[in-house]
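Below are the chains, spelled out letter by letter.
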Number of protein chains: 4
Amino acid sequence: MAFEWPVRVYIEDTDFGGIVYYVNYLKFMERARTEMLRHLGYSQQRLAADHCLFVVHSVESRYLKPAKLDDELIVRTAIEERGAASLLFAQTVVDSLSGQVLCEGLIRVACVNSTTFKPRRWPRELAAGMMQLD
Amino acid sequence: MAFEWPVRVYIEDTDFGGIVYYVNYLKFMERARTEMLRHLGYSQQRLAADHCLFVVHSVESRYLKPAKLDDELIVRTAIEERGAASLLFAQTVVDSLSGQVLCEGLIRVACVNSTTFKPRRWPRELAAGMMQLD
Amino acid sequence: MAFEWPVRVYIEDTDFGGIVYYVNYLKFMERARTEMLRHLGYSQQRLAADHCLFVVHSVESRYLKPAKLDDELIVRTAIEERGAASLLFAQTVVDSLSGQVLCEGLIRVACVNSTTFKPRRWPRELAAGMMQLD
Amino acid sequence: MAFEWPVRVYIEDTDFGGIVYYVNYLKFMERARTEMLRHLGYSQQRLAADHCLFVVHSVESRYLKPAKLDDELIVRTAIEERGAASLLFAQTVVDSLSGQVLCEGLIRVACVNSTTFKPRRWPRELAAGMMQLD
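What comes next is a walk through the structure.

Here is what the cut-offs are and how they apply
Each chain has its residues counted from 1, running along the sequence as written. Lettering for chains starts from A, numbering for ligands starts from 1, and both go in the order in which the items are written. Where totals are concerned, whole chains, interfaces and linings use all residues; where local detail is concerned, this predicted model gives features only for residues with pLDDT of at least 70, and gives and counts side-chain atom pairs only at 80 or more. Side-chain metrics in this entry use all non-hydrogen atoms of the structure; hydrogen atoms and water are not considered. Grid points spaced at 1 Å over the protein atoms alone were grouped into cavities, where a 1.4 Å probe fits but cannot get out, and pockets, open sets with protein on both sides within 12 Å along at least five of seven lines, with lining residues defined by an atom within 4 Å of a point. Grid points are joined across faces, edges and corners, and a volume is the space filled by probe spheres set on the points. A run of H or I in DSSP counts as a helix once it spans at least four residues, and a run of E counts as a strand once it spans at least two, with each numbered from the N terminus. Copy-to-copy alignment: least squares on C-alpha atoms, limited to residues at pLDDT 70 or above in both. Working rule for contacts: check all heavy atoms of both residues, and any pair within 4.5 Å makes them a contact. For this document, the term salt bridge refers to a Lys or Arg side-chain nitrogen within 4 Å of an Asp or Glu carboxyl oxygen. A simple rule labels every residue: compare its accessible area, found with a 1.4 Å probe on the protein chains alone, to the largest value its type can have, and call it buried under 20%, exposed over 50%, or partly exposed in between. Paired strands, as defined in this entry, are two strands with at least two bridges between them according to DSSP. Accessible area that two parts lose when put together, with a 1.4 Å probe and added across both, is what the buried area reports. For every element, the axis is a line fit to its C-alpha atoms; helices are fit only across the contacting stretch, and the angle between N-to-C directions ranges from 0 to 180 degrees. In the analysis that follows, any N or O atom pair within 3.5 Å is treated as a polar contact, provided that within protein one partner can donate a hydrogen and the other can accept it, and provided that, for residues neighboring in sequence, both atoms belong to side chains. What a helix should span is 1.5 Å times the count of its residues minus one. Three classes are used, and their members are as follows: Ala, Val, Leu, Ile, Met, Phe, Trp, Tyr, Cys and Pro are nonpolar, Asp, Glu, Lys and Arg are charged, and the others, Gly among them, are polar.

### Structural notes on empty space enclosed by the protein
Phase 1: Enumeration over the complete set of coordinates arrives at one cavity of 30 Å³ or more.
Phase 2: Taken as a whole, the largest cavity encloses approximately 400 Å³ of empty space.
Phase 3: Lining the largest cavity are 31 residues, with Asn24 and Lys27 of chain A, Lys27 of chain B, Lys27 of chain C together with Lys27 of chain D sitting closest to its centre.
Phase 4: Going through the elements one at a time, helix 1 (24-39) of chain A, helix 1 (24-39) of chain B, helix 1 (24-39) of chain C together with helix 1 (24-39) of chain D are the ones with two or more residues in the lining of the largest cavity.

### Quick look at the relation of the copies chain A and chain C
Phase 1: For the match of chain A to chain C, the screw axis carries a shift of 0.0 Å, the RMSD comes to 0.0 Å, and the turn is 180 degrees. On this basis, the relationship between the two copies can be described by a two-fold rotation axis. Of every C-alpha in chain A, the one belonging to Glu60 of chain A sits nearest the axis of rotation, 2.2 Å from it.
Phase 2: By residue overlap, the copies meet face to face through one surface: 100% of the interface positions of chain A are interface positions in chain C.

### Things to note about the pattern of salt bridges
Phase 1: Across all of its chains, the model carries 36 salt bridges over all chains by this definition.
Phase 2: Here Asp71 of chain D and Lys68 of chain D are joined by a salt bridge, their closest N and O atoms 3.9 Å apart.
Phase 3: With a relative accessible area of 15%, Asp71 of chain D lands in the buried category.
Phase 4: Taken together, the shared-partner salt bridges connect Glu35 and Arg38 of chain A together with Asp70 of chain B into one network.

### Things to note about the pairing of strand 4 (residues 86-95) of chain C
Phase 1: The buried count for strand 4 of chain C comes to seven of 10 residues, which makes it a mostly enclosed element.
Phase 2: Joining the antiparallel neighbours strand 4 of chain C and strand 5 (residues 101-113) of chain C is a turn of five residues, in which Gly99 of chain C adopts a positive phi near 75 degrees.

### So, the relation of the copies chain C and chain B
Phase 1: Laying chain C over chain B is done by rotating through 180 degrees and shifting 0.0 Å along the axis; what remains is an RMSD of 0.0 Å.
Phase 2: In this assembly the copies share their binding face: 100% of the residues contributing to the interface of chain C also contribute to that of chain B.

### Thoughts on the interface of chain C and chain B
Phase 1: In this complex, chain C contributes eight residues to the contact, which on the side of chain B involves eight residues.
Phase 2: With both sides pooled, the region where chain C packs onto chain B buries about 760 Å², and carbon together with sulfur makes up 75% of that total.
Phase 3: Broken down residue by residue, the surface that chain C buries against chain B is led by Ile11, Phe16 and Tyr21 of chain C, which jointly contribute 59%.
Phase 4: Seen at the junction of chain C and chain B, the total is zero salt bridges.

### Things to note about the sheet that holds strand 2 (residues 52-63) of chain D
Phase 1: Strand order in this open sheet of 10 strands is 1(B)-3(B)-4(B)-5(B)-2(B)-2(D)-5(D)-4(D)-3(D)-1(D), and the pairing throughout is antiparallel. The outermost strands of the open sheet, each flanked by one partner alone, are strand 1 (3-8) of chain B together with strand 1 (3-8) of chain D. Between one strand axis and the next, the sheet turns by 25 degrees as a mean value, whatever way the strands run.
Phase 2: Looking at chain direction, strand 2 (residues 52-63) of chain B and strand 5 (residues 101-113) of chain B are connected through 11 bridges and run antiparallel. The partner of Val56 of chain B across the bridge, within strand 5 of chain B, is Val109 of chain B.

### So, the side chain of Asp70 of chain A
Phase 1: By the element assignment, Asp70 of chain A lies in the loop between strand 2 (52-63) and strand 3 (72-82).
Phase 2: A polar contact is formed between the side chain of Asp70 of chain A and the backbone nitrogen of Gln45 of chain B, at a distance of 2.7 Å.

### Quick word on helix 1 of chain A
Residue and element names in this part refer to chain A.
Phase 1: In a regular helix each residue adds 1.5 Å, so 16 residues correspond to 22 Å; helix 1 covers 23 Å between its end C-alpha atoms and thus fits that length.
Phase 2: With respect to burial, helix 1 is a largely interior element, 15 of its 16 residues being buried.
Phase 3: Of the residues trailing helix 1, Gly41 is marked for its positive phi of about 90 degrees.

### Overview of the sheet that holds strand 2 of chain A
Phase 1: Here we have 10 strands laid out as an open sheet, ordered 1(A)-3(A)-4(A)-5(A)-2(A)-2(C)-5(C)-4(C)-3(C)-1(C), and antiparallel in their pairing. Only two strands of the sheet have a single neighbouring strand rather than two, namely strand 1 (3-8) of chain A together with strand 1 (3-8) of chain C. Pairwise comparison of adjacent strand axes, ignoring direction, gives a mean angle of 25 degrees for this sheet.

### Points about the interface of chain A and chain C
Phase 1: In this assembly, 18 residues from chain A lie in contact with 18 residues from chain C.
Phase 2: Of the roughly 1700 Å² buried between chain A and chain C on both sides combined, carbon and sulfur atoms contribute 61%.
Phase 3: Our count for the contact surface shared by chain A and chain C stands at zero salt bridges.
Phase 4: The tally of links between chain A and chain C comes to 10 residue pairs in polar contact (both at pLDDT 80 or more).
Phase 5: Those elements that place two or more of their residues in the side of chain A that touches chain C are helix 1 and strand 2 of chain A.
Phase 6: Counting residues per element, the side of chain A that touches chain C draws most heavily on strand 2 of chain A, which supplies nine residues.
Phase 7: Residues of the side of chain A that touches chain C, tallied by class, amount to nine nonpolar, four polar and five charged.
Phase 8: Sheet topology note: the strand 2 of chain A/strand 2 (residues 52-63) of chain C ladder contains five bridges and is antiparallel. Bridging across to strand 2 of chain C, Ser58 of chain A finds its partner in Arg62 of chain C.

So, in C-alpha cells, the structure goes:
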C-alpha cells in the first residue's frame, strides 16, 4: 500500500507558464520519501547518526498534466524494489480533487556510508520497517 | 494575534553549510501569507478572479539563528500596517521545539490591478476579514 | 556535434551534503537547451510570439558523481531524435577540469500550441536550424 | 567603482506572474558577491580552507520593476561599509538594455570562524584586495 503525503502548490513552485515548474515535482516526491522514512522512525538526522546517506542514483519521470497555483496534490509513494543497498521508489503525484495523475516517477536511491561514500546495507530497523509497509 | 503556519525543513531547503539557505526563509514567509489569506477565504485564484495581484514591494529580513534539516518551524504572521493599497506584514520564523526566533521579516506587499498593474484597493471582503484578524 | 554551455556552481545549487542538489542538474540542462535554441535564433519570447510552447514530456537522468561548490561544469546537448512535434535531447553534465561525466539525461520535449495546448510542428526556421546543428 | 556581473533570466527564475520570482533576485545578488570575491582571488573553497564562513546577517531589498524571461540583467555590487568582521554590500539589478534599475539591496554579511561560528576578521589578503576595489 502506498504512503500518501499532501503537497500544496505555492507561488514559489510555479513558472511563467502559470503551472508548476516540472523540476519541482522531484522536490515534492523527495518530501514524500522523507516523510515515509520519518513515518518509519527515521529522520534524516537519525540516518546521519547511523552514518547512512541516501543518494539518488537515477530518476525516470513522466509529466502527464500540469498542476496550477493553489492546487492540493497528493504524492503516493511505494517501494517497487528492495535491494541490499538500494531502493526503487514508484511515486505518483495526483490532483487531490480530480484524482488525476499529473506526474509519475521511478527514483532509485542508494544507501552509502556517509564517511567513505561506499554502498552499505540499510540500517536493520529501517529494513524491518519497510517490510511492514507493504 | 498572529497567524501561525508550520513549515518542515527538507533537503531542498538546505545549503552546503548544512543549514537552511537564507533565501528560503522568504519562501516560508510567503507560504504563511498565502495561507493567512486562504484562511480569510482568499486563494490566489480568487484574488486573480478579482483582478487583484499581490506584488512584493520591499523586504527587510534579519537572520538570527540557523534552522537545520528536519527542523519543524512555525511562521508567525501579523499585519503591522494596513494601507488602502498596501500591507506591511511582520513575520517571524520560530523553532517549534525551542521557541527561539530564527529569522524576522518586514514585507511590504502592494495590491495592483492584474491587467493595468496600477495600485488598487483590497477587495472589500478581504479588507473586512483582515480587520477581524487583529 | 554537441552544443556546449558552461555553468558555475553557486551556494544556491548545493544541499546539506555539500554537493549540488541532484534536482538542480535539470535546471542546468534546461539552461543549456534554452541557450541552444537562442543560438539558433529562437529566444523563449520569440517562441511565444510564434504561439509555440515547449513542454517537458519525460526525463531520464542518472547521477554518476557529485559536483561541488565553485565547480565549473559544462553541459553538452545533442538532439537524439527529431519528431514532427517532439525532440529528444541527450545531455551530459561534465566537470570542466577533469572531463568526468557527473550526470546524464534524456529529456523529451513536446511543442504545443500555446493557446490550445495541442501538439504542433516546430516553427519551420527552427527545424531548419536544428538540421544544421548536426 | 562597482563590480558588474551579468545574469540571464531562465524559466527556473520565473513565477506564474510571468516575471522573475522576487526571491530569486537575492540569488542573483549572491552570485555577484561570489564572483566579486573570486575576482579578488577568493573562491568559496579557499574561504573554507581559511576557516572563514560568510553568513548573511540581514537583507533590505526593494523591487522597482519586474524582469522577464530571456532578459539579460547586470548586477552591480559595491562595498558600502567595511567593518572588522562584517561587510555591507550595496547591490542593484539593472536591465542591460534599458539601464533601468529593477531591484536594489543592502546585504550585511558577517565573517565567522567555520568551526566555532564566532565572528572573526577577514583573511588579511582579502581585506587588502577589497581596499583596491574602491
